Amino acid sequence: MKLASPQDESIAVKIIADTFEANLSVSSVIGLGRNRKKKISRLASYAFIKAINRGGAYISDNKMGAALCFRSNNNSSNLKEFIAEIRFTLSIPIAKVIHALKREAYLKKHRYQGDHFYF
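Residues numbered from 1 in each chain as written. Predicted model: local features only at pLDDT ≥ 70, side-chain atom pairs only at ≥ 80, totals over all residues. Heavy atoms only, no water.

**Student:** Sorry, what's going on with the packing of helix 1 (residues 9-20) against helix 3 (residues 36-53) here?
**Tutor:** Packed helices, taken two at a time, are described by the angle between their axes plus the distance between the axes. Packing of helix 1 against helix 3 brings their axes to within 8 Å, and their N-to-C directions diverge by 120°. Between helix 1 and helix 3, the angle is such that the two are oblique. Handedness of the crossing formed by helix 1 with helix 3: right-handed. Together, Glu9, Ala12, Val13, Ile16, Ala17 and Phe20 of helix 1 and Arg36, Ile40, Ser41, Leu43, Ala44, Ser45, Phe48 and Ile49 of helix 3 make up the contact between the two elements. (Axes fitted to C-alpha atoms, helices over the stretch in contact; angles between N-to-C directions. Helix = DSSP H or I, 4+ residues; strand = E, 2+ residues; numbered from the N terminus. Parallel < 35°, antiparallel > 145°, perpendicular 65-115°, else oblique. Left-handed = near helix turned anticlockwise from the far one by under 90°. Contact = heavy atoms within 4.5 Å.)

As structure tokens, this is what we get:
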């Protein structure tokens, strides 16, 4: 594995989107309706951009695997990340956005407060 570069985004997003397809947490936010693959791809793109901004996007040497992993205390972000987040958010119903925000707040409340890694 090596650190991914912005040029690896399309490959990494496809790999991540394929794994998100069967993820129940992703399904609860995205749903099973129309444009599912597009929504999953937007979520995968946002996750990749967020990880690469924090030095935590990896791609395998043969480009068949990808991993996103970064420290919790690394809060750097940029305009590209913000745009990807808004783009994803606008693709899902407002009720799903509210559900996701409530779920994230619950998880954050019960998460270890010290420095840790996000996977």
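**Student:** Could you clarify how one ought to interpret the sheet that holds strand 3 (residues 66-68) in this entry?
**Tutor:** Remark on secondary structure: sheet strands pair via backbone hydrogen bonds, oriented parallel or antiparallel. The strand order across the open sheet formed by 3 strands is 1-2-3, and the pairing between neighbours is antiparallel. Lying at the two open borders of the sheet, with one neighbouring strand each, are strand 1 (2-3) and strand 3. Bridge analysis of strand 2 (residues 57-59) against strand 3 gives 3 bridges, and the strand direction is antiparallel. Across the sheet, the residue bridging to Ala57 is Leu68, located in strand 3. Against the sheet, helix 1 makes contact with strand 2 and strand 3, and its axis sits at roughly 80° relative to strand 3, the strand it touches most. (Pairing = 2+ DSSP bridges.)

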